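# Chains, contacts and geometry: an overview
Each chain is listed here by its residues.
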Amino acid sequence: MPITLDQLNAASPEEAARMLDGLYEHTPWIAAEALKERPFQSLAHLKHAMAQALARGTAEQQLALIRAHPELAGKAMVAQTLTAESTHEQGQAGLTDCTPEEFARIQQLNADYNARFGFPFILAVRGPRGTGLTKAQIIDTFARRLGNHPEVERAEALRHIHRIAEIRLADRFGAEPVLGNQVWDWHEALARHSDPGFAEHGQLTVTYLTDAHRACAAQISEVMRAAGFDAVHTDAVGNVVGRYHADPSAKNAKTLLTGSHYDTVRNGGKYDGRQGIFVPIACVQALHGAGRRLPFGIEVVAFAEEEGQRFKAAFLASGALIGAFDATWLDQQDADGITMRQAMQQAGLNIDDIPNLKRDAADYLGFIEVHIEQGPVLNALNLPLGVVTSINGSLRFVGEFVGQASHAGTTPMAQRRDAACAAAELALYMEQRAAQDADSVATMGLLQVLGGSINVVPGRCAFSLDLRAPTDAQRDALVADVLARLQQIAERRGVAHTLEETMRADAAPSHPAWQQRWERAVASLGLPVFRLPSGAGHDAMMLHRIMPQAMLFVRGENGGISHNPLESTTADDMELAVRAMQRLLDDLAAELAGV
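Residues numbered from 1 in each chain as written. Predicted model: local features only at pLDDT ≥ 70, side-chain atom pairs only at ≥ 80, totals over all residues. Heavy atoms only, no water.

### Some thoughts on the packing of helix α5 (residues 59–67) against helix α10 (residues 150–173)
Relative to each other, α5 and α10 sit at 65°, their axes nearing to 10 Å. Relative to α10, α5 is oriented so that their crossing is left-handed. Counting all contacts with α5, which are made through A59, E60, Q62, L63, L65 and I66, the residues of α10 involved are R154, A157, L158 and I161. Taken together, the residues of the contact of α5 with α10 break down into seven nonpolar, one polar and two charged. (Axes fitted to C-alpha atoms, helices over the stretch in contact; angles between N-to-C directions. Helix = DSSP H or I, 4+ residues; strand = E, 2+ residues; numbered from the N terminus. Left-handed = near helix turned anticlockwise from the far one by under 90°. Contact = heavy atoms within 4.5 Å. Nonpolar A, V, L, I, M, F, W, Y, C, P; charged D, E, K, R; others polar.)

Okay, here's the thing in structure tokens:
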């Protein structure tokens, strides 16, 4: 029989320790330390308590835990001395039934890994869905992580240990993440569609109004209809719009707007944007299944374009909802010479109807968005959810230092006008200056010595500046300091420079009331409320211009990487995201009802 949380909370220390025995391989002190926090509000609360207990442990204790784990398909498996939990997990992944070639490959990886890191390779072989990774996926992950920095890999091993414990805990408590599994499956199904040139290589790329993009729109429409939305349609820019009507008895009911984008970067991940579509769909599906209506409507928009990959018109889909669609974009051409106008016409979209897409903010309560974090912060803290405080404002520039190309062997160091060194000095200053602020970031992402040669002092160096901060004032102070230092460097080094501003985006701070609603929802799950800014741009930035907005971040796996095929999250974390949104909807309904 599964254990219940009430039983765990009421048990004696000895009984409670037995209930949690085996979650962490041969390391009972973690559960014992976590049990000091009883009573637990939820399994999420218990998981976090165990993660924190390990985080408080010494480096030696953490390393001992890693070393307590058996190698994958290693000596302990052959000798049949694995714990029952490890035997089940390795067997489910097929590691007890390797071909001679697979076994030899894993043994070599084990040897190389131990030689490099001094501890065994740890992988949650049951994967993000809990149903098991394939042997090919395991071997590929093993080989990839062998190249990690030792400190990075040690942290990754600990994160996988927490994931293993999470899966074991769910088995013990009979806690299947049903909603999270559904959302995970929807992502997998949608990821089958990819543009030519990428699909053949197993890569995910969905750019605006391609065949794959249109197939995604059709599939999202089907999911919405099956979930119980009252009305579903594709609008004039390709957005898929699903509406779930308010309770008929609610007078003058307004609508809550939510959603995110379904296009991707080239060779991107499965969750960027799409998570913010499927999480609210799961909420509507649950409402519909319960025959329940709220005192407000829910409008979920799967935005057709956010990434600006096919045409240079990022946020055109959410921009259309605030009346910011620029008609000159229609004449832009893609790499094949097809204009946006032609692409829209081929897709059967009614261009003349685009102005009518603008929403009247008076009809809406606000906009909320769920999104994978696309960064390492939550992952490093072992937190599944984070509440966004602001979407960073940003400024971008492209520029060039112009010095004097000269012979690398004959030009004395004191007489050089080295354009590349000027750019390098500026890049290092940006790193130092941004680190002085809370949450400012500065990046020189493009750096190119034009016409460079190995034996020539660089005469020209092109560069870019990307400067971001949670508020416009903080961003502008950062920009002012960087541009002042650029001028000083140029004068001191005797180089000229050019600089062009290419993009300016204002910060989008979360509306306090809506941010607090997300905070209460996260706290209701037994999780600590962690607040963080978003360094990346989101559709919420556009809706922010006409209505209040706030975002919820979901932890990413693999160090939080995004815009990459390794972008990942777990069904358990998506379950928590759905539960948090459900709580927000319930609380909002109670507010409007005056309860």
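### Overview of the pattern of salt bridges
Should the charged atoms of two oppositely charged side chains come close, the side chains can pair. Counted under the stated rule, the structure contains 36 salt bridges. R292 is the salt-bridge partner of D586, the closest N and O atoms lying 2.9 Å from each other. Of this pair, D586 sits in helix α21 (residues 571–593) while R292 is found in the loop between α13 (275–289) and β4 (297–303), placing the two residues 294 residues apart along the sequence. When its relative accessible area of 31% is taken as the criterion, D586 is described as partly exposed. The partly exposed category is assigned to R292, whose relative accessible area is 34%. Connected via shared salt-bridge partners are K47, R163, E166 and D572. (Salt bridge = Lys/Arg side-chain N within 4 Å of Asp/Glu carboxyl O. Buried < 20%, exposed > 50% of the residue type's maximum accessible area, 1.4 Å probe, protein only.)

### Description of the environment of W184
Mapped onto the fold, W184 is located in helix α11 (residues 178–190). Residues W184 and A73, spaced 111 residues apart in sequence, show a C-alpha to C-alpha distance of 28 Å. Setting aside anything within four residues of it in sequence, one finds W184 in contact with P128, R129, Y271, T569, T570, A571 and M574.

### Brief notes about the side chain of Q515
The residue Q515 is located in helix α19 (residues 512–524) in this model. Of the residues examined, Q515 reaches a relative accessible area of 13% and is grouped as buried. If sequence neighbours within four positions are ignored, Q515 has contacts with V387, V388, T389, S510, R531 and A550.

### Side note on unusual backbone geometry
At the junction of R38 and P39, the peptide bond is cis and its omega measures out at 5° in the coordinates. Following the sequence through the fold, P39 ends up in the loop between α3 (29–34) and α4 (43–56). We note that H26 has phi near 55°; this positive angle belongs to a residue other than glycine. Here H26 is to be found in the loop between α2 (13–19) and α3. In this structure, N252 is a non-glycine residue whose phi angle is positive, near 55°.

### Overview of helix α18 (residues 472–493)
With 22 residues, α18 extends 31 Å from end C-alpha to end C-alpha; this agrees with the ideal 32 Å at 1.5 Å per step. R475, L478, V479, V482, L486, I489 and A490 are the residues of α18 that are buried. Along the long axis of α18, the arc covered by the buried residues comes to 105°, so they all point the same way. Opposite the buried face of α18, by more than 90 degrees, sit the exposed residues A473, E491 and R492. Summarising the contacts, the buried residues of α18 are in contact with β7 (393–402), α17 (419–435), β9 (441–443), β12 (460–469) and β13 (496–505). (Expected span 1.5 Å × (residues − 1). Arc of directions from axis to C-beta.)

### Some details on the layout of surface pockets
Considering only enclosed or pocket space, the second largest pocket measures out at about 940 Å³ in volume. Only α9 (135–145), α10 and α11 provide two or more residues apiece to the lining of the second largest pocket. For the lining of the second largest pocket, a count of residues per class yields 11 nonpolar, 17 polar and 11 charged. (1 Å grid on protein atoms, 1.4 Å probe; cavity = no way out; pocket = protein on both sides within 12 Å on 5 of 7 lines; lining within 4 Å. Points joined across faces, edges and corners; volume = space filled by probe spheres on them.)

### What about empty space enclosed by the protein?
In the structure shown here, the tally under the stated rule is five cavities of 30 Å³ or more. Forming the walls of the largest cavity are 21 residues, and the residues nearest its centre are K47, H162, E166, N382 and R555. Looking at the lining of the largest cavity, the elements that each hand over two or more residues are α4, α10 and α21. Taken together, the residues of the lining of the largest cavity sort by class into eight nonpolar, five polar and eight charged.

### Some remarks on the side chain of T569
Locating T569 in the fold gives a position in the loop between β16 (549–554) and α21. Within the structure, the side chain of T569 is placed 2.9 Å from the backbone oxygen of R555, a separation counted as a polar contact. Contact partners of T569, with chain neighbours within four places excluded, come to P128, W184, Y271, Q275, I372, V554, R555, E557 and M574. (Polar contact = N/O pair within 3.5 Å; in protein donor to acceptor, adjacent residues only side chain to side chain.)

### Comments concerning the packing of aromatic side chains
Taken as a whole and assessed by the stated rule, the structure comprises 11 aromatic pairs. With centroids separated by 5.9 Å and ring planes inclined at 75°, the aromatic side chains of Y113 and F119 adopt a geometry described as edge-to-face. Exposure class is identical for Y113 and F119. Each is buried. When the ring of F325 is compared with that of W329, the centres are 5.3 Å apart and the planes differ by 85°; the resulting orientation is edge-to-face. Take F325: its relative accessible area is 16%, and that puts it in the buried class. When its relative accessible area of 16% is taken as the criterion, W329 is described as buried. The side chain of R517 reaches across the aromatic face of W514, ending 4.3 Å from its centre. (Phe/Tyr/Trp six-rings, centres within 6.5 Å; stacked < 30°, edge-to-face > 60°. Lys NZ or Arg CZ within 6 Å of the ring centre and 35° of its normal.)

The values reported here are purely geometric and, on their own, carry no functional implication.
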